[in-house]
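This is what each chain is made of:
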Amino acid sequence: MAEAADIQGTAPSPARRWLRRTASLAAAAPLLAGLLQVPVASAAPATGAVAEKEPSGSRTVDVSLDTMTPSAPLESDTLTISGTVTNNSRQAVTAATVDLRVGPPLDNRSSIDEAAGRTGYRADSDPAPLGGAYTVKIPRLGSGLSTDFTFSVPVAKLGLDDPGVYQLGVSLTGRTSSQAYDRVLGIERTFLPWQPEATTKKTQLTFLWPLISSARVSAETGPDDQQTPVFENDDLAAELAPGGRLERMVALGKELPVTWVVDPDLLATVDAMTRSYSVKSGTDTEPGKNQAVAEQWLSSLEKAVAGKKVVALPFADPDLASLAHRGKDVSGSLGQLKPATEVARTTVETILHVTPNTDFAWPVEGAVDPAIVDVATSAGARKVIARSDSLRDDLSYTPTAARPIGGGTTAVVADATLSTVFQSDLSRAENSTLAVQRFLAQTLAITLQAPDKARSIVVAPQRMPTAAQAQTMATALRGLAPQRWSQSLDLIAASAVRPDPRAETDVPSTSQYPQKLRKRELPVEAFRDMKKTQEELDGFEVILTMPYRVVTPFGNAISRMMSTSWRGQAPAAALYRIEVLDYLQGLTEQVRLIDKSDLTLSGRSATIPVTVQNKLLQGVDNLVLRLTSTKPTRLQLNDGAAMAEAPVKIDGGHSQSVKFTAAANANGPVSMTAQLYTEDGKPYGRPMTFTVKVSEITPTVMLVIAGGVLLLVLAGVRMYSQRKRAAARNAEAEAKAESEDTEDSEGAEDGAESGTEAAEGDDPEQPSDPTPDTGPESGDPSGTGEKVDR
């Protein structure tokens, strides 16, 4: 009753009451200790295991603060707090009350962090209940049950004194069957920023609003003129759709005083989704179906950033720390950063129609060392977004964010506490409310550290906030909207603010880089894969008549290989790199030499054909085919040389047969090697080898053939003479037979015998020569023993 009367009259403030109660509790401590020993001893559990698991003391009941409005009240406001209490024990809680506790102002930022980290009730530091009419009674709360509560208290009744950050607690006091006396069974703490009037000097607050996502697009494109992109998956659509993470970022950010920090790869990916695109499905692809979602998101984003400051990161948001610690020793790795930076500006201008600032580099979690700074500025950036847990200041106040770190580079040091306050699971209303109040409390504490000194503070939250985290950040920024102790400032302006001469400017050594971050960096193998892919691409593009169809998608894919989004996804990152390289090598193998079987050279000279095939959809040029004889003394090419070359130019989907002149000097097999080269002398593809069997026709062989022909002619003359003599004898015998009238039987027999002999002497006609061993020309690949063209 006394406390109720105090509230209605001229009662002392909660801060004073808290000090008075603390003194009273300290004096009564010995007595309380003696009283508390009795129930504790009598409540010994049956088993030790159960006692260890059973919530006890001020952790018996969980107190959840779900809403607190307004978050930064004025004296004329009414503070409304709602939440839930849940009995986590196995015993019912009886005669319980939910109380509001308002403590004295906290001295500094560290005391805010310390209060936020406490969980159980502490009589020496937690303030007394406000009491009176501002208490919620709960007669009974069964085991495992929950019930809601709501407080509505006029701010004027809180007894707030000077401006500052006040600790505010909500507790449940009650009894259990094992301890039948009033005690605090649960408590939750938050903060009440109290600044009813505008401060003389306001803190300039810069809040980064990141639009970054994971790499989604593969290096593969369709064969059509539009080069339809192929996505690894279609998950991005869920982030762009209403309620999705990226949709919330745009919808909330358009009304907030923020600086947009954009990964151009995300814009390029969504822009590609507005047209025809394909999505990998097993070993095949299927058409993408989320064009409307992509169009709506891009349209909303273009309107949201109109007139706002936009900072573009290098394309695909490269992991600068991984590049500095593991990639710089792999030749060519640093060279990937500059084109990623150059394409950033063009991408943002083309898609959003705004001119971005590309002068900022953002290492993971703002952790920097000399190697990271060197890499970050190697592509032209002169401002590095760091964090205060990396560049630590030994000052009694928070200094201005911008500070020179040498070499013309400015470190924009984001506040670590403000930047990490939104990283928990904020889908729970309690977590979101606590994060908002802690953020507002810390910003007010910064202003009150040096009220006569205006400073510039930067907040760089996590790169990919969830939808709930984005909503909480927006709520916190709206709490600063009255601008009683802060005002907004964009990042470009913040980087140009005059630095505090007492602020730390020494970049920590590489050995001080956090091990937890180093363990999640991309491995050296990632940069070796990038190097190999780039070398393959360099050798491929020089032979293409339309190189842009290959250079652009693969160049972007190489940039995506070193994206910060791969942190914590090592298997997926390795698979992406492997697929990109395999696909590129598959394309290069579409231009190749057709395998050739062994040849037979029957003569002193001939032509040797070698076929080059181009299965690409575009032509190839700037290629040279080189044919080499391993035994030029036996088989020479092109006027006595051991090697001959011929230019190659083939349209897409065609083949070309290149013929080389060969001259034989001696018989025997000769190994031949055919190899394609680019015009700068670099081998292209695999070599192809085959054997030419030389079988030369000598003068001795010609004499043997001539002798054989002569013998055939002489044999024919002899046969003709024999036939002529036989015909003459037959005619003479017939004339003699007609002149004799009669002949005896012996004479007739002799005549018949003579006729038989004549018939036997007349040789029959010889059969003609066999058909020549030749056949129609075949278009199939040559078989073993192929003869070369003459």
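Residues numbered from 1 in each chain as written. Predicted model: local features only at pLDDT ≥ 70, side-chain atom pairs only at ≥ 80, totals over all residues. Heavy atoms only, no water.

Side note on the overall build of the chain
In terms of regular secondary structure, the chain is built from 22 helices and 30 strands. Counting only residues that meet the buried cut, the chain has 45% of its 790 residues in that class. Counted over contacts in the chain with a minimum sequence separation of 6, partners at least 24 positions apart contribute 78%. (Helix = DSSP H or I, 4+ residues; strand = E, 2+ residues; numbered from the N terminus. Buried < 20%, exposed > 50% of the residue type's maximum accessible area, 1.4 Å probe, protein only. Contact = heavy atoms within 4.5 Å.)

What about the pattern of salt bridges?
This model, assessed by the stated rule, comprises 28 salt bridges. The closest approach of N and O atoms between Glu-232 and Lys-280, which form a salt bridge, is 3.3 Å. Remark: Lys-280 occurs in strand β12 (residues 278-281) and Glu-232 occurs in the loop between β10 (229-231) and α6 (236-240); sequence separation between them is 48 residues. For Glu-232, a relative accessible area of 22% gives the class partly exposed. Asp-389 serves as the salt-bridge partner of Arg-387, at 2.9 Å between the closest nitrogen and oxygen. Accessibility expressed as a relative area gives 8% for Arg-387, which makes it buried. By sharing partners, the salt bridges in this structure join Glu-114, Arg-118, Arg-122, Asp-124, Asp-126 and Arg-189 into a single network. (Salt bridge = Lys/Arg side-chain N within 4 Å of Asp/Glu carboxyl O.)

Some points on the side chain of Ser-89
Within the element layout of this structure, Ser-89 appears in the loop between β2 (78-87) and β3 (93-105). Of note is the side chain of Ser-89, whose polar atom sits 2.8 Å from the side chain of Asn-87. (Polar contact = N/O pair within 3.5 Å; in protein donor to acceptor, adjacent residues only side chain to side chain.)

Looking at the packing of aromatic side chains
Scanning the model with the defined rule gives eight aromatic pairs in all. Centroid distance Phe-207 to Phe-439: 6.2 Å. Interplanar angle 70 degrees. Geometry classified as edge-to-face. Remark: Phe-439 occurs in helix α14 (residues 429-449) and Phe-207 occurs in strand β8 (residues 203-211); sequence separation between them is 232 residues. Each of the two residues, Phe-207 as well as Phe-439, counts as buried. On the numbers, 5.5 Å between centres and 40 degrees between planes, the contact of Trp-566 with Tyr-576 is tilted. (Phe/Tyr/Trp six-rings, centres within 6.5 Å; stacked < 30°, edge-to-face > 60°.)

Considerations on the packing of helix α8 (residues 264-273) against helix α9 (residues 291-305)
Here α8 crosses α9 at 135 degrees, and the two axes come no closer than 8 Å. What the angle tells us is that α8 and α9 run oblique. Handedness of the crossing formed by α8 with α9: left-handed. On α9, the residues touching Leu-266, Leu-267, Val-270, Asp-271 and Met-273 of α8 are Gln-291, Ala-294, Trp-297, Leu-298 and Leu-301. (Axes fitted to C-alpha atoms, helices over the stretch in contact; angles between N-to-C directions. Parallel < 35°, antiparallel > 145°, perpendicular 65-115°, else oblique. Left-handed = near helix turned anticlockwise from the far one by under 90°.)

Topic: helix α12 (residues 370-378)
Within the span of α12, buried status applies to Ala-371, Ile-372, Val-373, Val-375, Ala-376 and Thr-377. Close packing links the buried residues of α12 with α10 (320-327), α11 (337-352), β15 (360-361) and β16 (383-387). N-cap assignment for α12: the residue whose side-chain oxygen lies 3.2 Å from the backbone N of Ala-371 is Asp-369. Residue Gly-380 follows α12 closely and has a positive phi angle near 115 degrees.

What about the pairing of β2?
Counting buried positions along β2 gives eight out of 10 residues, so the element sits mostly inside the fold. Judged from the eight bridges that link them, strand β1 (residues 61-69) and β2 form a sheet pairing that is antiparallel. Residue pairing across strands places Ser-64 opposite Thr-84, the latter belonging to β2. The pairing of β2 with strand β5 (residues 146-154) spans nine bridges and is classified as antiparallel. The residue bridging Thr-84 from the neighbouring strand is Asp-148, located in β5. (Pairing = 2+ DSSP bridges.)

Description of the confidence of the model for the chain
Averaged over the chain, the pLDDT score is 86; the fraction of residues at 70 or greater is 83%. Between residues 741-790, whose pLDDT stays under 50, and residues either more than four places distant or in other chains, the model counts 36 contacts. (pLDDT = per-residue confidence, 0-100.)

Some thoughts on the nonpolar core
Of all hydrophobic cores here, the largest spans 79 residues; its most connected members are Phe-540, Ile-608, Leu-625, Leu-627, Leu-635, Met-672 and Val-692. In contact with Phe-540, other than residues within four places in its own chain, are Val-550, Leu-584, Leu-587, Thr-588, Leu-616 and Tyr-684. One finds Leu-266, Leu-301, Val-354 and Ile-457 within the second-largest nonpolar core, a separate group that totals 63 residues. (Core = buried A, V, L, I, M, F, W, Y, C linked by side-chain atoms within 4.5 Å.)

Let's talk about the environment of Ser-146
Following the sequence through the fold, Ser-146 ends up in strand β5. According to the relative accessible area criterion, Ser-146 is partly exposed, its value standing at 44%. Along the chain, Ser-146 and Val-61 lie 85 residues apart, while their C-alpha atoms are 9.3 Å from each other. Leaving out residues up to four positions away in the same chain, Ser-146 has contacts with Thr-84, Val-85, Thr-86 and Leu-141. Here Thr-86 takes part through its side chain, which lies 2.7 Å from a polar atom of the side chain of Ser-146.

Some remarks on the sheet that holds strand β17 (residues 402-404)
Within a sheet, adjacent strands bond to each other through the backbone by hydrogen bonds, running parallel or antiparallel. Spatial strand order, β15-β16-β18-β17: four strands in an open sheet with mixed pairing. Sheet topology places β15 and β17 at the edges, where each strand pairs with a single neighbour. Across two bridges, the pairing between β15 and β16 is parallel. When the sheet's bridge partners are listed, Phe-360 is paired in β16 with Lys-383.

Let's talk about the pairing of strand β18 (residues 410-414)
Counting buried positions along β18 gives five out of five residues, so the element sits mostly inside the fold. The alternating pattern of β18 places Thr-410, Val-412 and Ala-414 on one face and Ala-411 and Val-413 on the opposite face, and all of these are buried. The pairing of β16 with β18 spans five bridges and is parallel. Note on β18: the bridge partner recorded for Val-384 is Ala-411. Direction of pairing for β17 relative to β18: antiparallel, over a ladder of three bridges. What sits directly across from Arg-403, in β18, is Ala-411. As consecutive antiparallel partners, β17 and β18 are separated by five residues, and within that stretch Gly-406 has a phi angle of approximately 100 degrees, a positive value.

Describing helix α5 (residues 109-117)
Here α5 has its buried residues at Arg-109, Ser-111, Ile-112 and Ala-115. The buried residues of α5 all sit within an arc of 160 degrees when viewed along its axis, so they share a single face. Residues Ser-110 and Gly-117 are exposed on α5 and point more than 90 degrees away from its buried face. Next to the buried residues of α5 lie β6 (164-175), β7 (183-194), α13 (416-420) and α14. With a side-chain oxygen lying 3.2 Å from the backbone nitrogen of Ser-110, the N-terminal cap of α5 falls on Asn-108. (Arc of directions from axis to C-beta.)

Thoughts on the side chain of Ser-559
Among the structural elements, Ser-559 can be located in helix α19 (residues 548-561). Ignoring anything within four residues of it in the chain, the contact list for Ser-559 reads Phe-315, Ala-316 and Ala-340.

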